[in-house]
Amino acid sequence: MTRTGGCACGAIRFEVTEPFIGIGSCHCTDCQKASGGGPNYVALTPRNALDVVAGEVKLFHRKGDSGAVVARAFCGECGTPLWSIPAHEPFIPIKLGALDDTADLMPQMQIYVDSAPSWHAIDESLPAFPKMPPQAP
């Protein structure tokens, strides 16, 4: 199943050619800045499954919580946040708002809930982690 997405002005278009690994919300302060204050909802896709089919994304680089650099992709024309590129992970978190259709997508976990302000809605029915979830051995 191929999913499509893009920015608000249409300058950037992309396709995701493999199923998502997982879907979640992130409450870290960087995601709050990218989302305009709320949590950031993302779908994790394998790195090789994301294809930019139109336009050229701009990247903002910043050191993440792990100490490694994270690149944040956005449209240089309209500023729409698109995805992040964590340095040492096999996946790319794509912003759900950048996808054309999200009707069938629901968060499966919440991360960085310790950074959430009191007014963020934390879904008690989903697993929640103070920071990142523990890594499998």
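Draft legend 1. Representation of the state of the cysteines. By the definition in use, this model includes zero disulfides. Not part of a disulfide, Cys 28 finds its nearest cysteine sulfur in Cys 26, a span of 3.6 Å. A relative accessible area of 13% means that Cys 28 is categorised as buried. Unpaired in terms of disulfides, Cys 31 finds its nearest cysteine sulfur in Cys 28, a separation of 3.7 Å. Exposure remark for Cys 31: the relative accessible area of 7% places this residue in the buried category.

Draft legend 2. Examining the side chain of Thr 80 more closely. Positionally, Thr 80 belongs in the loop between β7 (69-74) and β8 (81-86). For Thr 80, a relative accessible area of 16% puts it in the buried group. Within polar-contact distance, the side chain of Thr 80 engages the backbone nitrogen of Ala 8 at 3.1 Å. Setting aside residues up to four positions removed in sequence, Thr 80 forms contacts with Cys 7, Ala 8, Ala 73, Phe 74 and Cys 75.

Draft legend 3. Molecular detail of the sheet that holds strand β2 (residues 13-16). Read across the open sheet, the three strands follow the order β1-β2-β5; overall the sheet is antiparallel. Where the open sheet ends on each side, the last strands, each with one partner, are β1 (3-6) and β5 (50-54). For this sheet the average axis-to-axis angle between neighbouring strands, irrespective of direction, equals 30 degrees. Looking at chain direction, β2 and β5 are connected through four bridges and run antiparallel. Residue pairing in the sheet places Phe 14 in a bridge with Val 52 of β5.

Draft legend 4. Representation of unusual backbone geometry in the model. Within the chain, Tyr 112 stands out as a residue other than glycine whose phi angle is a positive 55 degrees. Considering the arrangement of structural elements, one finds Tyr 112 in the segment after β10 (109-111). Judged by its relative accessible area of 10%, Tyr 112 falls in the buried class.

Draft legend 5. View of the nonpolar core. Counting 18 residues, the largest nonpolar core has Phe 14, Leu 50, Leu 82, Trp 83, Ile 94 and Leu 99 as its most contacted members. Where this core is concerned, the elements lending two or more residues are β2, β8 and β9 (91-95). Residues contacting Leu 50, with those up to four places away along its chain left out, are Phe 14, Glu 15, Val 16, Trp 83, Ile 92 and Ile 94. The next biggest cluster of nonpolar side chains, apart from the first, holds five residues, and it includes Cys 26, Cys 31, Ile 111 and Tyr 112.

Criteria and thresholds
- Residues numbered from 1 in each chain as written.
- Predicted model: local features only at pLDDT ≥ 70, side-chain atom pairs only at ≥ 80, totals over all residues.
- Heavy atoms only, no water.
- Disulfide = S-S within 2.5 Å.
- Buried < 20%, exposed > 50% of the residue type's maximum accessible area, 1.4 Å probe, protein only.
- Helix = DSSP H or I, 4+ residues; strand = E, 2+ residues; numbered from the N terminus.
- Polar contact = N/O pair within 3.5 Å; in protein donor to acceptor, adjacent residues only side chain to side chain.
- Contact = heavy atoms within 4.5 Å.
- Pairing = 2+ DSSP bridges.
- Axes fitted to C-alpha atoms, helices over the stretch in contact; angles between N-to-C directions.
- Core = buried A, V, L, I, M, F, W, Y, C linked by side-chain atoms within 4.5 Å.

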